[in-house]
Amino acid sequence: MTGSVEQKLAELGIALPTPAAPIANYVGFVRSGRLLFVSGQLCLVDGKAVAVGKLGAEVTIEAGRDAARVCAINLLAQVKAALGDLDKVIRVVRLGGFVASAPSFLDGPKVLNGASDLMVEAFGEKGRHARTTIGVTVLPGDAAVEVEGTFEVA
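The numbers attached to residues start from 1 for each chain and follow its sequence in the written order. Whole-chain, interface and lining totals are the exception, using all residues; otherwise, since this is a predicted model, local features are given only for residues with pLDDT of at least 70 and side-chain atom pairs are given and counted only at 80 or more. Only heavy atoms go into the side-chain values, all of them from the structure, while hydrogens and water stay out.

J.: How would you summarise the layout of surface pockets if you had to cite specific residues and measurements?
T.: Here the term cavity refers to a set of points on a 1 Å grid, laid over the protein atoms alone, in which a 1.4 Å probe fits but cannot get out; the term pocket refers to an open set having protein on both sides within 12 Å along at least five of seven lines, with lining residues being those that place an atom within 4 Å of a point. Grid points are joined across faces, edges and corners, and a volume is the space filled by probe spheres set on the points. By volume, the largest pocket is sized at about 410 Å³. Taken together, 23 residues form the lining of the largest pocket, with A20, Q41, L42, L44 and N74 sitting closest to its centre. Only DSSP runs of H or I covering at least 4 residues are called helices, and only runs of E covering at least 2 are called strands; the numbering of each starts at the N terminus. At the level of elements, strand 2 (35-42), strand 3 (44-45) and helix 2 (61-83) are the ones that each hand at least two residues to the lining of the largest pocket. Considering only residue class, the lining of the largest pocket consists of 13 nonpolar, eight polar and two charged. Classification convention: Asp, Glu, Lys, Arg as charged; Ala, Val, Leu, Ile, Met, Phe, Trp, Tyr, Cys, Pro as nonpolar; all other residues, Gly among them, as polar.

J.: Please set out helix 2 residue by residue, giving values where relevant.
T.: How far a helix is expected to stretch is found by multiplying one less than its residue total by 1.5 Å. Between its terminal C-alpha atoms helix 2 stretches 33 Å, which fits the 33 Å expected from 23 residues at 1.5 Å a residue. At the exit of helix 2 stands G84, carrying a positive phi of roughly 80°.

J.: Residue-level account of the side chain of E6, with values.
T.: Tracing the backbone through its elements, the reader meets E6 in helix 1 (residues 4-11). For every residue, the accessible area (1.4 Å probe, protein chains only) is compared with the maximum for its type, and the residue is labelled buried under 20%, exposed over 50%, or partly exposed between those bounds. E6 gets classed as buried once you look at its relative accessible area, which sits at 16%. Polar contacts involving the side chain of E6 include one to the side chain of K80, which spans 2.7 Å. Setting aside anything within four residues of it in sequence, one finds E6 in contact with K80 and L86. Counted as a polar contact is a pair of N or O atoms within 3.5 Å, where, for protein atoms, one must be capable of donating a hydrogen and the other of accepting one, and residues adjacent in sequence contribute only when both atoms are in side chains. Contacts: residue pairs with any heavy atoms within 4.5 Å of one another.

J.: Any chance you could break down the sheet that holds strand 7 (residues 145-153) for me, citing the residues and the numbers?
T.: Strands are treated as partners if at least two bridges between them are detected by DSSP. Read from one edge to the other, the open sheet built from five strands follows the order 1-2-7-5-6, with strand pairing classed as mixed. At either end of the open sheet lies a strand with only one pairing partner, and these are strand 1 (29-32) and strand 6 (130-136). Along the sheet, successive strands turn relative to each other by an average axial angle of 15°, direction set aside. Taken together, the six bridges between strand 2 and strand 7 define a ladder with antiparallel strand orientation. Counterpart to L36 in the pairing with strand 7 is F151. All axes are obtained by fitting lines to C-alpha atoms, using only the stretch in contact for helices, and the reported angles, taken between N-to-C directions, cover 0 to 180 degrees. Of the strands in this sheet, strand 1, strand 2, strand 5 (89-100) and strand 7 are in contact with helix 2, which crosses strand 2 at around 140°. Lying over the sheet, helix 3 (residues 108-123) contacts strand 5, strand 6 and strand 7, oriented at roughly 160° with respect to strand 5.

Keep in mind that these numbers describe shape and distance, not what the molecule does.
As structure tokens, this is what we get:
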């Protein structure tokens, strides 16, 4: 039986994937007390980036927003692996977003709304969170977006 958060995701047409394995010397998540820290998740579907290149050059804001949403889905897959049940999330505390950006690209926050919007859609008010968006030169695999998260959990 799935919980209410997973039912909401299903209503949105979202099925959580198997979490991606780390690509270097780290783990996908760490729990410390009531906080769950989830490592940065790329915009991968079936191991392939849905947006490659730089925002403000090869990638549009809309494609970047969609890529950030994919990152958020991958974050939730890690949370599910850690907790077994997304209803154990008390609050989405913080998202950190990295946007591969052309030098003049200034709209990283608009891109990260793709991830933030999904958290609010899935968790309602407890999905509202603090956030940082950072423009970077390049991300692994030339992915356009990466998102990490911190969650308060039961």
